[in-house]
Amino acid sequence: MLSDEAAAVSGHLARLLAASWNDGEQQLRGVARRASAELGREGMAAALAQAQAECRVGWDGDNCSRALRLSADRATAAGAADEFGSAVGAELFESGQHCFAVRVRQPIDDAYWIGIAYADVWVDEHPKRNTKCIIWSGGSTASNRPGTLRMHGEKMRNQPQYSDGDVVGVSVDMGSGDIQFFLNGACVISWRSALRGPCFPFACMKHTGPAAILLQYWLTLDSAGPDKVRLIDKEVVGGCAAPELPLVDGSLLEVC
């Protein structure tokens, strides 16, 4: 149970973690220094843990394959074995429009996949046998092998490529069931009425070295603004008339 002081700090940290683009990180460091001096190490650790739990961002430490390792902040899932393993995002998308992105690190052709998964996904299953997800592999730019999409296990060849350092964005509309994949801000794959139910961010990989860094933030949009918002390098350029608050990423996306 958090003390009143730690609870107040955790609430502030949660808001800053949720707004960690722009100057949020600098503010977060300042609050952490002051809170650490006031609460001590144990109180600060409890406040940070509570703040992270309230934010519900990052990969879910309770639903991650033994073949992967998560960073302390749960933002990065990295391969740790010569077998397939998957990480599931902590936030379940049940209604409305949502989007997130993954920074790609050292992807291996046909052994690195990004997309969405349902609550009953198998985190230790091989991608070609995993029917509980929609995932995209970026192929290989070095050997000019095209990417692959797996729609509930079904293989779809000749998809766009991605490589180390790229940002793969995913946008879902839970009302229509539509899903879109973005590459460094440009929409490259789009499927209508593909989703079968509530879903999570999802990454699947094999071997030691590859990693998926989940970029995920909450953003309050101005309801009086135009009907689209464009995100460029984590900077809001427009507003949004949508009544709910979409989850957005730091890549270039347009959310209607």
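As a starting point, this report considers the structure included with it. (Residues numbered from 1 in each chain as written. Predicted model: local features only at pLDDT ≥ 70, side-chain atom pairs only at ≥ 80, totals over all residues. Heavy atoms only, no water.)

### Here we look at the nonpolar core
With 33 residues, the main nonpolar core has Ile114, Ile116, Ile134, Val172, Ile179 and Leu195 as its most contacted residues. Those elements that provide at least two residues to this core are strand E5 (97-105), strand E6 (112-118), strand E7 (133-137), strand E8 (147-151), strand E10 (167-173), strand E11 (178-183), strand E13 (199-205) and strand E14 (211-215). The dominant element in this core, judged by the number of residues it contributes, is E6, at four residues. Ignoring any residue separated from it by four or fewer positions in sequence, one finds Ile116 in contact with Phe100, Cys133, Ile134, Ile135, Val170, Val172, Ile179, Leu195, Cys199, Phe200 and Phe202. With twelve residues, the next largest nonpolar core counts Phe84, Cys133, Phe200 and Cys204 among its residues. (Core = buried A, V, L, I, M, F, W, Y, C linked by side-chain atoms within 4.5 Å. Buried < 20%, exposed > 50% of the residue type's maximum accessible area, 1.4 Å probe, protein only. Helix = DSSP H or I, 4+ residues; strand = E, 2+ residues; numbered from the N terminus. Contact = heavy atoms within 4.5 Å.)

### A word on the side chain of Gln159
Along the polypeptide, Gln159 turns up in strand E9 (residues 154-159). For Gln159, a relative accessible area of 17% puts it in the buried group. Polar contacts involving the side chain of Gln159 include one to the main-chain carbonyl oxygen of Arg157, which spans 3.1 Å. The residues contacting Gln159, other than those within four sequence positions of it, are Trp136, Pro146, Gly147, Thr148, Leu149 and Ile189. (Polar contact = N/O pair within 3.5 Å; in protein donor to acceptor, adjacent residues only side chain to side chain.)

### Quick notes on the state of the cysteines
Tallied over the full model, the rule gives zero disulfides. Cysteine Cys204 remains unbridged, with the sulfur of Cys133 as its closest cysteine sulfur at 7.3 Å. (Disulfide = S-S within 2.5 Å.)

### With respect to the pairing of strand E3 (residues 76-79)
Judged by which residues are buried, E3 turns out to be one-sided: Ala77 and Gly79 face inward and are buried, whereas Thr76 and Ala78, on the alternate face, are not. Between the antiparallel neighbours strand E2 (residues 68-70) and E3 lie five residues, among them Arg74 with a positive phi of about 65°. (Pairing = 2+ DSSP bridges.)

### Section: the packing of aromatic side chains
Across all of its chains, the model carries four aromatic pairs by this definition. Relative to Tyr162, the ring of Trp136 has its centre 4.9 Å away and its plane inclined at 90°; by these criteria the two rings are edge-to-face. Linking Trp136 in strand E7 with Tyr162 in the loop between E9 and E10, this pair joins segments that are 26 residues apart in sequence. Here Tyr162 falls in the buried class, since its relative accessible area comes to 2%. Here the aromatic residues Tyr112, Trp136, Tyr162 and Phe181 are joined through ring pairs into a cluster of three or more. (Phe/Tyr/Trp six-rings, centres within 6.5 Å; stacked < 30°, edge-to-face > 60°.)

### Topic: unusual backbone geometry
For Asp110, which is not a glycine, the phi torsion comes out positive at approximately 65°. Relative to the helices and strands, Asp110 is located in the loop between E5 and E6. Looking at Asp110, the relative accessible area reads 33%, which means it is partly exposed. Not every positive phi belongs to a glycine, and Asn144 is a case in point at roughly 60°. By the element assignment, Asn144 lies in the loop between E7 and E8. By relative accessible area, which is 60% here, Asn144 ends up exposed.

### Notes on the sheet that holds E13
Taken together, the seven strands give an open sheet; going across it, the order is E1-E4-E13-E6-E7-E8-E9, and neighbouring strands pair in antiparallel fashion. Edge positions in the open sheet fall to strand E1 (59-64) and E9, since each of these has one partner strand only. When strand polarity is set aside, the average angle formed by the axes of neighbouring strands in this sheet is 25°. Pairing of E1 with strand E4 (residues 85-89) involves two bridges; the strand directions are antiparallel. Following the sheet pairing, Cys64 is matched in E4 by Ala87. (Axes fitted to C-alpha atoms, helices over the stretch in contact; angles between N-to-C directions.)

### With respect to the environment of Leu183
In this structure, Leu183 sits in strand E11. On the basis of relative accessible area, Leu183 is assigned to the buried category, the value being 17%. Sequence-distant contacts of Leu183, defined by excluding residues within four places in its chain, comprise Trp136, Gln161, Tyr162, Asp166, Val167 and Val188.

### Looking at the pattern of salt bridges
As enumerated under the stated definition, the model contains six salt bridges in all. Note that Asp124 and Arg66 form a salt bridge whose closest N and O atoms lie 3.2 Å from each other. One end of the pair, Asp124, is in the loop between E6 and E7; the other, Arg66, is in the loop between E1 and E2, and 58 residues separate them in sequence. A salt bridge links Lys132 to Asp120; its shortest N-O distance comes to 3.3 Å. Taken together, the positions of Lys132 in the loop between E6 and E7 and Asp120 in the loop between E6 and E7 put the pair twelve residues apart, joining distant regions of the chain. Each of Arg66, Glu83 and Asp124 takes part in one network of salt bridges that share partners. (Salt bridge = Lys/Arg side-chain N within 4 Å of Asp/Glu carboxyl O.)

On their own, these measurements won't tell you what the molecule is for.
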